[in-house]
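Structural features, examined
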Amino acid sequence: MNNLIECQQVSYHYNSGKIKTPVLEALNLSISSGESIAILGQSGCGKSTLLNLLGGMSQPSKGKVHLNGTNLGQLSEDKITELRAQHLGFVYQFHHLLKDFSALDNVAMPLLIRGDDKQVALTSAGELLSKVGLKDRLDHRPAELSGGERQRVAIARALITQPSCLLADEPTGNLDAKNAADVLGLMIELNQAQNSALVMVTHDKKIAQKMQRILILENGQLSES
Ligand SMILES: Nc1ncnc2c1ncn2[C@@H]1O[C@H](COP(=O)(O)OP(=O)(O)OP(=O)(O)O)[C@@H](O)[C@H]1O
Ligand SMILES: [Mg+2]
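These numbers come from a predicted model, not from an experiment.

**Points about the site of ligand 1**
- For ligand 1, the set of nearby residues contains 14 residues, the closest of which are Ser43, Gly44, Lys47, Thr49 and Gln93.
- Contact between ligand 1 and serine 43: an oxygen atom at 2.6 Å from a side-chain N or O atom of the residue.
- Within the side chain of glutamine 93, one N or O atom sits 2.9 Å away from an oxygen atom of ligand 1.
- Contact with the protein chains covers 63% of the free accessible surface of ligand 1, which is 640 Å².

**With respect to the sheet that holds strand β6 (residues 88–91)**
- Strand order in the open sheet formed by six strands is β6-β7-β8-β3-β9-β10, and the pairing between neighbours is mixed. Each having just a single partner strand, β6 and β10 (221–224) make up the two edges of the open sheet. When the angles between neighbouring strand axes are averaged without regard to direction, this sheet yields 20 degrees.
- Strand direction decides the pairing type here: strand β3 (residues 36–40) and strand β8 (residues 197–201), joined by four bridges, are parallel. Bridging from a neighbouring strand, alanine 38 pairs with methionine 200 of β8.

**What about the layout of surface pockets?**
- Reported here for the largest pocket is a volume of approximately 630 Å³.
- Lining the largest pocket are 20 residues, and of these Ala85, Leu88, Pro110, Ile113 and Arg157 lie nearest its centre.
- Among the secondary structure elements, those contributing two or more residues to the lining of the largest pocket are α2 (77–87), β6, α3 (103–113) and α5 (147–159).
- In terms of residue count, the dominant contributor to the lining of the largest pocket is α2 (five residues).
- For the lining of the largest pocket, the per-class residue count stands at ten nonpolar, six polar and four charged.
- Computed from the structure, the second largest pocket encloses a volume of approximately 300 Å³.
- Lining the second largest pocket are Ser124, Glu127, Leu128, Lys131, Leu159, Ile160, Gln162, Leu186, Glu189, Leu190, Ala193 and Gln194.
- Every element with two or more residues in the lining of the second largest pocket is listed here: α4 (118–131) and α6 (177–193).

**Things to note about the nonpolar core**
- Counting residues in each nonpolar core, the largest one holds 40 residues, and the members touching the most others are Leu129, Val153, Leu159, Leu166, Met187 and Met200.
- Counting residues per element, the ones that place at least two in this core are β3, α3, α4, α5, β7 (165–169), α6, β8 and α7 (205–208).
- The biggest single contributor to this core is α6, with seven residues.
- Ignoring sequence-local partners within four residues, the contact set of leucine 159 consists of Leu128, Leu166, Leu186, Met187 and Leu190.

**Examining the coordination of the magnesium ion (ligand 2)**
- Coordination of the magnesium ion (ligand 2) by the protein involves Ser48 (OG) and Gln93 (OE1), with metal-donor separations of 2.1 to 2.3 Å. Taken as a pair, serine 48 in helix α1 (residues 47–54) and glutamine 93 in the loop between β6 and α3 lie far apart in primary sequence, 45 residues in all.
- Looking at serine 48, the relative accessible area reads 25%, which means it is partly exposed.
- Judged by relative accessible area, which is 32%, glutamine 93 ranks as partly exposed.

**Comments concerning the sheet that holds strand β2 (residues 19–31)**
- The strand order across the open sheet built from four strands is β2-β1-β4-β5, with neighbouring strands paired in antiparallel fashion. Only two strands of the sheet have a single neighbouring strand rather than two, namely β2 and β5 (70–71).
- Sheet topology places strand β4 (residues 62–67) next to β5; two bridges connect them, and they run antiparallel. Residue pairing for β5: leucine 67 is matched across the bridge by threonine 70.
- Lying over the sheet, α1 contacts β1 (5–16), β2 and β4, oriented at roughly 60 degrees with respect to β2.

About the thresholds
Residues numbered from 1 in each chain as written. Chains lettered and ligands numbered in written order. Predicted model: local features only at pLDDT ≥ 70, side-chain atom pairs only at ≥ 80, totals over all residues. Heavy atoms only, no water. Near = heavy atom within 4 Å. Polar contact = N/O pair within 3.5 Å; in protein donor to acceptor, adjacent residues only side chain to side chain. Areas by Shrake-Rupley, 256 points an atom, 1.4 Å probe, with all protein chains shown as cover. Pairing = 2+ DSSP bridges. Helix = DSSP H or I, 4+ residues; strand = E, 2+ residues; numbered from the N terminus. Axes fitted to C-alpha atoms, helices over the stretch in contact; angles between N-to-C directions. 1 Å grid on protein atoms, 1.4 Å probe; cavity = no way out; pocket = protein on both sides within 12 Å on 5 of 7 lines; lining within 4 Å. Points joined across faces, edges and corners; volume = space filled by probe spheres on them. Nonpolar A, V, L, I, M, F, W, Y, C, P; charged D, E, K, R; others polar. Core = buried A, V, L, I, M, F, W, Y, C linked by side-chain atoms within 4.5 Å. Buried < 20%, exposed > 50% of the residue type's maximum accessible area, 1.4 Å probe, protein only. Contact = heavy atoms within 4.5 Å. Donors = N, O, S within 2.8 Å, 3.2 Å for Na, K, Ca; no water.

Next comes the structure, spelled out in structure tokens:
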């Protein structure tokens, strides 16, 4: 299989108590290296749910998700975490930064977890934070940053490992036009220079048009726009 990520007949529903909320319905998607894809769709249609499945953060109710040819459904949590750390960068809709750590440490963390040298990791993190316009905020904790600054830290954290696929959930949602263009530029640079895949959920049609493919999520399924 040449596809980096492949969804086959994926269905997903949430269960809360007796209430079942169907979200995705026999959805198919293939993502290959170097591709850039925008996912558009109304609020509540299941975009974040889909990204969580692509990143192995949750498992489909039915169907299969393959990452690099491996069926995630057949792996332990630990193996999925390892595979994710190897291949994926994830920018969450709600940034999920570690609150007790500085911006610099948050961004260096994925490198430290995979065993890189601490000084090298901190230097790379500092450089990347400068690129997203935060060189004067390295020592700030998340609570000491604005919403858009947190989002930029989260983007830097996702980019630092140069992942083979970047999954980004409305990464520019809180940013002004200049910062949005800057971080988008960094994501596209990774996509083009490293031949990595970029999957971006966005409500912004202009941003979507910078991607090679635009997919619409509606009624639990994806279609090309
Ligand atoms: N834990 C949960 N339990 C039950 N239902 C949920 C849960 N999380 C999400 N949902 C429902 O699933 C649907 C899809 O949610 P999801 O977060 O994937 O939407 P989205 O397309 O990302 O929306 P938005 O554009 O607002 O971020 C929504 O209708 C939501 O109410
Ligand atoms: Mg969402």
